[in-house]
Structures are given as C-alpha cells and as structure tokens.
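# A structural walkthrough
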Amino acid sequence: MLINTATDLQDAPSSAEHTAFLTNLLNDYTVFDDAEYPEDYDRALVEGGDGYITPVIRTEWNAGAAAAWGFNSRKAVEAALS
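Below is a summary of the structure that appears in this document. (Residues numbered from 1 in each chain as written. Predicted model: local features only at pLDDT ≥ 70, side-chain atom pairs only at ≥ 80, totals over all residues. Heavy atoms only, no water.)

### Here's the deal with helix H2 (residues 16-26)
Along H2, the positions that sit buried rather than exposed are His18, Leu22, Leu25 and Leu26. Seen along its axis, H2 keeps its buried residues to an arc of 100°; they face one direction. Among the exposed residues of H2, those oriented more than 90 degrees off its buried face are Ala16, Glu17 and Asn24. Of the surrounding secondary structure, the elements contacted by the buried residues of H2 are helix H1 (6-11), strand S1 (29-33), strand S2 (57-61), helix H3 (63-68) and helix H4 (74-81). (Buried < 20%, exposed > 50% of the residue type's maximum accessible area, 1.4 Å probe, protein only. Helix = DSSP H or I, 4+ residues; strand = E, 2+ residues; numbered from the N terminus. Arc of directions from axis to C-beta. Contact = heavy atoms within 4.5 Å.)

Listed below in structure tokens is the structure:
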C-alpha cells in the first residue's frame, strides 16, 4: 500500500514500514544556527580563532511535516505509535 495522504496513513495496517514512517516523523527535527554573521564571514574559521563567531544552535520539531500527515503534536504521533 502506498501512503500518499493522511487518510492513507490512517487506513494503513500496522507494519514495520508504518512504524518506521511514524518514528521518522516523531524524530524529524530541523536545526537552525541563529548566530548573526557578517556577509563576508569566513566560515572556515575554527573555534578560538580570531574573528570566530560561536554558533547559536536551536532545534525544532518539524510540526509542519507532522501537520501534513494529520498530527497536531508530538504526543499525537507517539499515540499513533502505541
């Protein structure tokens, strides 16, 4: 069975592929670097080097991907896995 829509996902029988899909959705994070770098910043600089700017890392769960499959929270995806 191909899963192309949220309805397909709901109707899909429980299987290893179904579980893998939901697990990937649950663990889908996007990583951002919120540091402000000048336009001509040399990204080859290493930590401790002159002019190095420390990254400001932020991770967010990809709620948009989950919403596309009919989930409004990580808890909803977790519930679908159990």
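After that view of the structure, there is still more to cover.
### A short note on the pattern of salt bridges
Scanning all chains against the criterion turns up two salt bridges. A salt bridge links Asp34 to Arg58; the shortest N-O distance between them is 2.5 Å. Taken as a pair, Asp34 in the loop between S1 and S2 and Arg58 in strand S2 lie far apart in primary sequence, 24 residues in all. Accessibility expressed as a relative area gives 36% for Asp34, which makes it partly exposed. You can call Arg58 partly exposed: its relative accessible area is 29%. In this structure, Glu60 and Arg58 form a salt bridge, with 2.3 Å as the shortest nitrogen-oxygen distance. Under the relative-accessibility criterion, Glu60 is labelled partly exposed at 36%. (Salt bridge = Lys/Arg side-chain N within 4 Å of Asp/Glu carboxyl O.)

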